[in-house]
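# Structural features, examined
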Amino acid sequence: MLFDCFAHSLKTAGQVGLLCLVFICTVSAEDKSIDYANQVRPILARKCYACHGSSEQEAGLALHNREAALIEPDSGTLAIVPGKVDQSELVVRIEEKDLDLRMPPAEHDPLTEKEIAVLKQWIAEGAEFNSHWAFEPIAKAEPPAKKGLSDHPIDRFIESRLTNNNVKAAPPAKREVLIRRLYFDLTGLPPTPEEVEQFLADRSENAYKKLVDHLLASPHYGERWARHWLDVVRYAETNSFERDGAKPNAWKYRDYVIKSLNDDKPYDQFLREQLAGDVLENKNRETIIATGFYRLGIWDDEPADPKLARFDELDSILTTVGQGVLGLTLNCARCHEHKIDPIPHADYYRMLSFFDELTSYGSRANQISNNQTDVSPPELIEQYTKIDSELKQLQTKMRLIEQQGITKMPAADQRATETRKRKKTLAETLQQYLDVKLWKAYVPLKKRQKELIAQRKKLPARETVLSVAKYSQNPAPTHILLRGNPHVPGDVVTPGFPELFGAADPKLPATDASGKPVSRRIALANWIASKENQLTARVMANRIWQHHFGRGIVRSPNNFGLLGVPPTHPELLDWLANNFMQGGWKIKRLHRLIVTSDAYKRSSIAIPESLEKDPNNDLFWRFNLRRLSAEEVRDSVLATSGLLNKRLYGPSIYPAVSKEVLSTQSRPGEGWGKSSQEDQNRRSIYIFIKRSLILPELSNFDFPDTDTTCEARFTTIQPSQALGMINGHFLNQQAELLAARLRKEVKADVTKQVARCLHLVYCRKPSEIEIADGLKLIQNLQQKHQLPKEESLKLFCLYALNLNAFMFVD
């Protein structure tokens, strides 16, 4: 029965998961005229630009702008005749039945009937071209007139679209559903039954707002939302490739992100610190740690082609900044002109030149100097420096004396002094080969050396952090690489912003007023974090919305370009972006605004008529049911068993891993430590992220690829999840601990044990029917399968931890 129940849960969850993954860009009934940027250009970009775009114009035809699309191509037949569908060759070709004549060619998918209808209507309306929405300045949008019960500005945008499309919204979620949703969204942890009861008992008008403020003030908020950012910046603590060596102190960057979010650091400051924290005028320990961002990518300590490896390293940084912060696939212009977006080949290298001053992560011989900065107190650094300087001077003097004795030694002893046996050999034989005068000069030097070494050992440990420890203050010129080949350099380029932004080239003084060199990255950071940048605020506002509603207003969070999915509510996105900036780039303020809207507080109930009109919930008429993330699953299991260690910050932890899993590495078991049981029970964000060994409890539930920026995690329902949740050591261990908790809290009363367990799992009081089903399962395990009471209770706990009500947020 246990496995039958779980199989049913898996089947049900699978249907939900598949529904959430599929979406179709619909044309709203309210949109009477076709919009080129949002409806036409995405079709042309997907189906036509590869052969008829900015970089390729087969048969002399280009469709990426009005001027090119309306001129006469090589064939002499106009592709687009504004207002005349029947005279437009484009329509003839996309409707052609002969595969030899149809466009796109036979090896590509044809346009759908819906796409053809959009193009025909657009041509009939005059084939107007307008700029891509994301490349335009952020509009000063105002909320539409109130059409529903709520006067909340977000609801006014949402309700306007619902009313115009005659789509009915789902009813509000029950309060016990809402508190669980809010806890997971803001902290990644379930509420305790006591916290739920306290909220339900508070019938005051501002009870919900108080709960929101309480959760935003929780230190666990930063842990939850830091993980979203770490996905974007491809956070990991090792270098990948065969040896997959550790990145010392990477965890301090993770803690920096958590603390920054808990402190509600303005997002523009957050970006500036990561992009230029080592060269800011008011740099400090925190801003230097922030530059660990640059050291998070994969790095090959023994590349076959060092030049290519160097540009791969820079490309990883540019890709992460481009997609993660600006929502642009700048990396697609590394080898040629961007096939879709208006990003010339040269623009890629102009942006790359901002980063060209960065040193590589390291070298095989020295994997520390470029990426570890000493951030110890100045007085401590001075003490170390003074001692080290004197030791160096002593070493020089001692070496000169030692060498005079070594030249007189037998050949065997001379060779020994060139190996690790040097110290032992000199201690045993040096005096024999030195005259009295030299030996008398050597002894006090040796004594002073020991004293200094002893003093050094007594000093507090120095603190080093993963960071940009060195950068080139006079970087070599940046060349365009022909076809992206570092061995074929082309024209020299200077730092500059992509032309699609319309921004002036930055002024890059070689030195500041005091004569110190000025880093190029300061200009880049200021431009990216500027209110004039039309993408930065939009991209972040969209990400925050995404993690509250299950998808962004733009469904492709890393791609706001022509191949990205157009926003379902462009005016709302612009209003949110403006509100975000006007509010001082404060992220918590934006959270508060979103989660207090009626749109967020809706239930996930499916209304048949609304489901038929808007099956993909493009209009946000209901809340999208979602499966817990990998970290939420593990953390919730620990919280439910009562073993979760909520300690904040600190070095990463190493949960126990089986020998079979460890053997999957190229060097089995290497680089995986052993933590105490107490530390193993910490939240999942503190788990050591080793690129060649991701913890199965995380990888089974779609933990992201750490090699590249992740815009949104997959949400799959697949067999390894069921196997891990039923047969895995971690879950069985936690089920046993949960059973022990129940016996301790409600003693031996089976009915109370079942009720308490389900209360913990559901975050609400279970119904009589649910309790009866649980009792029936335990009875069946004891009577039919002859299992003892303890084992039956443990299996019931295992069953409870596999329920949909536990695994999904409603």
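Since the structure is predicted, the reported quantities are computational estimates derived from the model, not experimental observations.

Moving on to the environment of Ala62. Relative to the elements of secondary structure, Ala62 occurs in the loop between α3 (49–52) and α4 (66–69). Under the relative-accessibility criterion, Ala62 is labelled buried at 4%. Along the sequence, Ala62 and Asn262 sit 200 residues apart, while their C-alpha atoms lie 50 Å from each other. Among all residues touching Ala62, those that are not within four sequence positions of it are His52, Gly53, Gln57, Ala68 and Ala69.

By the element assignment, Arg181 lies in helix α8 (residues 175–187). Nearest to the buried, unbridged Arg181 among oppositely charged side chains is Asp810, at 5.0 Å. At a separation of 2.5 Å, a polar atom in the side chain of Arg181 contacts the main-chain carbonyl oxygen of Tyr600.

This next bit is on the side chain of Arg622. Mapped onto the elements, Arg622 comes out in the loop between α25 (608–613) and β5 (626–627). This buried residue, Arg622, is left without a salt bridge; Asp810 holds the nearest opposite charge, at 7.9 Å. One polar contact links the side chain of Arg622 to the main-chain carbonyl oxygen of Ser604, over a distance of 2.9 Å.

Per-chain confidence: the protein chain averages 92 in pLDDT, with 96% of residues scoring 70 or above. Within the model, the stretch residues 1–31 combines pLDDT values under 50 with 45 contacts to residues more than four positions away or in other chains.

What follows covers the nonpolar core. Counting residues in hydrophobic clusters, the biggest one holds 198 residues, and the most contacted among them are Tyr253, Tyr267, Trp545 and Leu576. Tyr384, Leu426, Leu438 and Leu445 belong to the second largest nonpolar core, which has 18 residues in total.

A few words on the pattern of salt bridges. With the rule as written, the count across this model stands at 53 salt bridges. With a closest N to O distance of 3.3 Å, Arg364 and Glu302 form a salt bridge. Of this pair, Arg364 sits in the loop between α16 (345–355) and β1 (372–374) while Glu302 sits in the loop between α14 (285–290) and α15 (306–324), and the two are 62 residues apart along the sequence. The structure contains a network of salt bridges with shared partners spanning Asp185, Arg224, Arg626 and Glu632.

Below, the discussion takes up the packing of aromatic side chains. Under the counting rule described, the total for this entry stands at 31 aromatic pairs. When the centroid spacing of 6.3 Å and the interplanar angle of 40 degrees are considered together, the rings of Tyr267 and Phe270 count as tilted. Pair noted here: Tyr267 and Phe270 are both in helix α13 (residues 267–276), with a separation of three residues, about one helical turn. A single burial state applies to Tyr267 and to Phe270, both of which are buried. One residue, Arg234, lies across the ring of Phe293, its end atom 5.9 Å from the ring centre.

This paragraph deals with the packing of helix α22 (residues 536–549) against helix α24 (residues 587–595). Packed helix pairs are specified by the crossing angle of their axes together with the interaxial distance, meaning the distance between the axes. Running from N to C, α22 and α24 point in directions that differ by 45 degrees, and their axes come no closer than 11 Å. Classified by the angle their axes make, α22 and α24 are oblique. Judged by the twist between their axes, the crossing of α22 over α24 is right-handed. Of α24, the residues touching α22 (which contributes Met540, Ala541, Ile544, Trp545, His548 and Phe549) are Ile587, Leu590, His591, Ile594 and Val595. The class makeup of the residues in the contact of α22 with α24 is nine nonpolar, two polar and no charged.

Calculation criteria
- Residues numbered from 1 in each chain as written.
- Predicted model: local features only at pLDDT ≥ 70, side-chain atom pairs only at ≥ 80, totals over all residues.
- Heavy atoms only, no water.
- Helix = DSSP H or I, 4+ residues; strand = E, 2+ residues; numbered from the N terminus.
- Buried < 20%, exposed > 50% of the residue type's maximum accessible area, 1.4 Å probe, protein only.
- Contact = heavy atoms within 4.5 Å.
- Lys, Arg positive; Asp, Glu negative; His and termini not counted.
- Salt bridge = Lys/Arg side-chain N within 4 Å of Asp/Glu carboxyl O.
- Polar contact = N/O pair within 3.5 Å; in protein donor to acceptor, adjacent residues only side chain to side chain.
- pLDDT = per-residue confidence, 0-100.
- Core = buried A, V, L, I, M, F, W, Y, C linked by side-chain atoms within 4.5 Å.
- Phe/Tyr/Trp six-rings, centres within 6.5 Å; stacked < 30°, edge-to-face > 60°.
- Lys NZ or Arg CZ within 6 Å of the ring centre and 35° of its normal.
- Axes fitted to C-alpha atoms, helices over the stretch in contact; angles between N-to-C directions.
- Parallel < 35°, antiparallel > 145°, perpendicular 65-115°, else oblique.
- Left-handed = near helix turned anticlockwise from the far one by under 90°.
- Nonpolar A, V, L, I, M, F, W, Y, C, P; charged D, E, K, R; others polar.

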